[in-house]
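# A structural walkthrough
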Amino acid sequence: ARALAASLHEAARHNVHTQAQAFAWLGARVQLRRYGRPRTKLDEVYDLLTNFVLNHVPVVRYDFRPKAAYVALMVHKIIEA
């Protein structure tokens, strides 16, 4: 639970409170691919979250609710432990 509190504190410290703010924060930290069609930083963030973060949880049409539910379940298990 202490690590979870640190994560929440870190998000607040960077003024990240919404999904849009989180995407902007991540977009400032990802590097654009140097191959393929030109992409925006937001495209890179969507690709990263869709295909690399919890890649076993499917994302359909950029609906991240299944990933959010999975993360919520894991957080619940951490808190209960």
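Residues numbered from 1 in each chain as written. Predicted model: local features only at pLDDT ≥ 70, side-chain atom pairs only at ≥ 80, totals over all residues. Heavy atoms only, no water.

## Some thoughts on helix α3 (residues 41-51)
Buried residues of α3: E44, V45, D47, L49 and T50, and no others. Contacts made by the buried residues of α3 are with α2 (19-27) and α4 (65-80). (Buried < 20%, exposed > 50% of the residue type's maximum accessible area, 1.4 Å probe, protein only. Helix = DSSP H or I, 4+ residues; strand = E, 2+ residues; numbered from the N terminus. Contact = heavy atoms within 4.5 Å.)

## Thoughts on the pattern of salt bridges
Side-chain pairs of opposite charge can arise whenever the charged atoms involved come near each other. This model, assessed by the stated rule, comprises three salt bridges. In this structure, E10 and R13 form a salt bridge, with 2.9 Å as the shortest nitrogen-oxygen distance. Here R13 and E10 lie together in helix α1 (residues 2-13), a separation of three residues that amounts to about one turn. (Salt bridge = Lys/Arg side-chain N within 4 Å of Asp/Glu carboxyl O.)

## Concerning the side chain of K67
The residue K67 is located in helix α4 in this model. Separated by 3.1 Å, the side chain of K67 and the backbone oxygen of L49 make a polar contact. With residues near it in sequence (within four places) discarded, K67 still touches L49, T50, V53, L54, N55, V57 and V59. (Polar contact = N/O pair within 3.5 Å; in protein donor to acceptor, adjacent residues only side chain to side chain.)

These results come straight from atomic positions and should not be treated as a statement about function.
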